[in-house]
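# Breakdown of the fold
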Amino acid sequence: MNAWQRHDDGTGTSTGMGIRTGSGPGGRSSAGSGHLPHALHDLPGTDEQHAARVTAAGADWLASAAAYPRSALSVWQSRPGAPVVLPCGSVFDVVNVESVFGRRLLDALWSEGPGSGPVAAHRGRMLLFTAPGTAQRLPSLLDWEEWGDAVPPLLCHGTGDAVTVPSLTSPVPRSSMRWLVAPDTRHPWLPGPEVVLWACVRAARSACSPSVRLSIFPRADQGAKVYDVSRRR
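The rules behind the values
Residues numbered from 1 in each chain as written. Predicted model: local features only at pLDDT ≥ 70, side-chain atom pairs only at ≥ 80, totals over all residues. Heavy atoms only, no water. Helix = DSSP H or I, 4+ residues; strand = E, 2+ residues; numbered from the N terminus. Buried < 20%, exposed > 50% of the residue type's maximum accessible area, 1.4 Å probe, protein only. Areas by Shrake-Rupley, 256 points an atom, 1.4 Å probe, with all protein chains shown as cover. Pairing = 2+ DSSP bridges. Axes fitted to C-alpha atoms, helices over the stretch in contact; angles between N-to-C directions. Core = buried A, V, L, I, M, F, W, Y, C linked by side-chain atoms within 4.5 Å. Contact = heavy atoms within 4.5 Å. Polar contact = N/O pair within 3.5 Å; in protein donor to acceptor, adjacent residues only side chain to side chain. Phe/Tyr/Trp six-rings, centres within 6.5 Å; stacked < 30°, edge-to-face > 60°. Salt bridge = Lys/Arg side-chain N within 4 Å of Asp/Glu carboxyl O. pLDDT = per-residue confidence, 0-100. Left-handed = near helix turned anticlockwise from the far one by under 90°.

## Digging into the overall build of the protein chain
Helix and strand content of the protein chain: seven helices and seven strands. Expressed as a percentage of the 233 residues in the protein chain, the buried residues total 50%. Per element, the accessible surface of the protein chain, about 11,100 Å² overall, is 51% carbon and sulfur.

The structure is reproduced here in structure tokens:
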């Protein structure tokens, strides 16, 4: 049993390290009354940014990718604000995209698709956590896709690669790594290559059509777009 689980007060909110551990039915996040955490609205280009927080179950899932999961959890217990390097290929792959295209991609996934898995932001890039095998198949699918040339170059991290994941708890400065959609369940749904391909095509088409307005860029007289996490599989 790790520190996040021990400090759970039974109401779905952890009393230790400030990590909220509540989940809705099926392990879906219940943050914000079933809405996606505000971090996804605070993408680069907005005035204020916040870091989403990892739940206890999400920390267990991340640690499962490490060669020694208990050691990873021990490090986070002693230093919850420290980032850590995790290998790709067994528990997740990562698709690394530039932030502007990443905004469009996430909007397609949440507005018209099944949602997304965990997503992190770092130095003008977005890291989408995807199903294992995505890094190997996605480039080939894009080569065959008519709109593939309109998709900016993607960095796909799979077997043999490793990525640095954000810290679990602390909101971080604008220039630092942070979670946009934090892991919140022990078995998160992760988009596969076909879903990511579909979202990339939608994002590329929206970029080529001046008549399309992305919902994550609301007009001044509109409220922020709210995504319903109950749509996540």
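Moving on from the model shown.
## Thoughts on the sheet that holds strand 2 (residues 93-98)
On the basis of which strands lie adjacent, the open sheet formed by five strands has the order 5-2-4-3-7 and antiparallel pairing. Each end of this open sheet is capped by a strand with a single partner; those strands are strand 5 (155-157) and strand 7 (178-181). For this sheet the average axis-to-axis angle between neighbouring strands, irrespective of direction, equals 25 degrees. Across three bridges, strand 2 lies against strand 5 in antiparallel orientation. Paired with V95 across the bridge in strand 5 is C156.

## Examining the nonpolar core
Nonpolar side chains in soluble globular proteins tend to end up buried together. Counting residues in each nonpolar core, the largest one holds 28 residues, and the members touching the most others are L62, W76, L86, F92, F129, V165 and W179. Mapped onto this core, the elements with two or more residues apiece are helix 3 (56-63), helix 4 (69-78), strand 1 (84-87), strand 4 (125-130) and strand 6 (162-165). Here this core takes four residues from helix 3, the largest share from any one element. Apart from the residues within four sequence positions on either side, V165 is in contact with W76, P83, V84, L86, F129, M177 and W179. Membership of the second largest hydrophobic core comes to 27 residues, among which are V95, V97, L138 and L142.

## Here's the deal with the side chain of T55
In this fold, T55 is placed in the loop between helix 2 (31-34) and helix 3. On the basis of relative accessible area, T55 is assigned to the buried category, the value being 5%. For T55, the side chain forms a polar contact with the main-chain oxygen of D184, separated by 3.3 Å.

## Regarding the packing of aromatic side chains
Under the counting rule described, the total for this entry stands at four aromatic pairs. Ring plane angle 45 degrees and centroid distance 5.5 Å describe the contact between F129 and W179, whose orientation is recorded as tilted. Taken as a pair, F129 in strand 4 and W179 in strand 7 lie far apart in primary sequence, 50 residues in all. We classify F129 as buried; its relative accessible area is 2%.

## Notes on the pattern of salt bridges
A side chain with one charge may pair with a side chain of the opposite charge, provided their charged atoms come close. By the definition in use, this model includes two salt bridges. R137 serves as the salt-bridge partner of E194, at 2.9 Å between the closest nitrogen and oxygen. Of the two residues, E194 is situated in helix 7 (residues 193-208) and R137 in helix 6 (residues 134-144); the sequence distance between them amounts to 57 residues.

## Regarding the confidence of the model for the protein chain
Across the protein chain, the average pLDDT comes to 75, with 65% of residues at or above 70. Here residues 1-48 is modelled with pLDDT under 50, and outside its nearest four sequence neighbours on either side it reaches 107 contacts, counting other chains as well. Below pLDDT 50 for its whole length, residues 211-222 participates in 18 contacts with residues either more than four positions away or in separate chains.

## A closer look at the pairing of strand 3 (residues 119-122)
Alignment of strand 3 against strand 4, held across four bridges, turns out to be antiparallel. Note on strand 4: the bridge partner recorded for A121 is M126.

## Re the packing of helix 5 (residues 99-111) against helix 7
Across the interface, helix 5 lies against helix 7 with an axial gap of 8 Å and an inter-helix angle of 115 degrees. Here helix 5 runs over helix 7; the crossing is right-handed. Every residue of helix 7 that contacts helix 5 at F101, R104, L105, A108 and L109 is listed here: V195, W198, A199, C200, R202, A203, A204, S206 and A207.

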